[in-house]
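Here's the letter readout for the chains.
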Amino acid sequence: MKQTLLMEKYPVFDMDLPKSETSCQSVDDIMAALRARIDAHPKVAFIAIFDHFAHTTAIGGTIGEGIRDARNIVFCFGIALPNAHVLAVRPRSIGVADLGERFHITFMEPPMEIATREMEAWCKALADRT
């Protein structure tokens, strides 16, 4: 995974995953694998899967060249609620796009180091054929 700044202000982690390096062959497969990790974690709550591709298609929006499918899995590391400000950075999501021969997986850096480590580990574990 690499860390970059999106639009010069959003810290994001990105990973390109060739389909030859994973047992997952669709975005559905990746959503299921991530959902299993979320469900297995005692302090993480699954919220939803958002089909960004279907939504954008339905409203006549623009979809980048080569994107065949795109979804976000939404969840929350609800370890603490120290003040109302943290609501601005919750819940979390991991986005997955099918780009043909590879998947592009991305998430915005959470303000909690433990969440960052877990999310990065979940994504890296998808490369189960290397």
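1. Some points on the pattern of salt bridges
Item 1. The full count for this structure, using the stated rule, is eight salt bridges.
Item 2. Its salt-bridge partner being D98, residue K19 comes within 3.1 Å of it at the nearest N-O pair. Here D98 lies in strand 5 (residues 92–98) and K19 lies in the loop between strand 2 (10–18) and helix 1 (27–40), a separation of 79 residues in the sequence.
Item 3. In this structure, E120 and K124 form a salt bridge, with 3.3 Å as the shortest nitrogen-oxygen distance. On the criterion of helical spacing, the pair formed by E120 and K124 is a turn pair, its members being four residues apart in helix 3 (residues 113–124).
Item 4. K124 gets classed as partly exposed once you look at its relative accessible area, which sits at 43%.
Item 5. In this structure, a network of salt bridges that share partners links the residues D28, D51, D69 and R71.

2. Concerning the nonpolar core
Item 1. With 23 residues, the main nonpolar core has I30, L34, F75, I94, V96, I105 and W122 as its most contacted residues.
Item 2. Sorting the residues of this core by element identifies strand 2, helix 1, strand 4 (69–77), strand 5, strand 6 (102–108) and helix 3 as the ones contributing at least two each.
Item 3. Of the residues forming this core, the biggest block, five residues, is contributed by helix 1.
Item 4. When sequence neighbours within four positions are dropped, the list of residues in contact with V96 reads V27, I30, M31, L34, D69, A70, R71, F103, H104 and I105.

3. Things to note about the pairing of strand 1 (residues 2–6)
Item 1. In this sheet, strand 2 lies alongside strand 1 in antiparallel orientation, the contact comprising five bridges. Across the sheet, residue Q3 finds its bridge partner in strand 2, namely F13.
Item 2. Between the end of strand 1 and the start of strand 2, which pair antiparallel, lie three residues, with M7 showing a positive phi angle near 55°.

4. Regarding the sheet that holds strand 3 (residues 44–51)
Item 1. Sheet architecture is open: six strands sit in the order 1-2-6-5-4-3, paired in antiparallel fashion. What marks the edges here is a single partner per strand, and that holds for strand 1 and strand 3. Recorded for the sheet is a direction-independent mean angle of 25° between the axes of neighbouring strands.
Item 2. Bridge count for strand 5 against strand 6 is four bridges, and the pairing is antiparallel. For V96, the partnering residue across the bridge sits in strand 6 and is I105.
Item 3. In the packing of helix 1 onto the sheet, contacts are made with strand 3, strand 4, strand 5 and strand 6, and the angle to strand 4 comes to roughly 5°.

Calculation rules
Residues numbered from 1 in each chain as written. Predicted model: local features only at pLDDT ≥ 70, side-chain atom pairs only at ≥ 80, totals over all residues. Heavy atoms only, no water. Salt bridge = Lys/Arg side-chain N within 4 Å of Asp/Glu carboxyl O. Helix = DSSP H or I, 4+ residues; strand = E, 2+ residues; numbered from the N terminus. Buried < 20%, exposed > 50% of the residue type's maximum accessible area, 1.4 Å probe, protein only. Core = buried A, V, L, I, M, F, W, Y, C linked by side-chain atoms within 4.5 Å. Contact = heavy atoms within 4.5 Å. Pairing = 2+ DSSP bridges. Axes fitted to C-alpha atoms, helices over the stretch in contact; angles between N-to-C directions.

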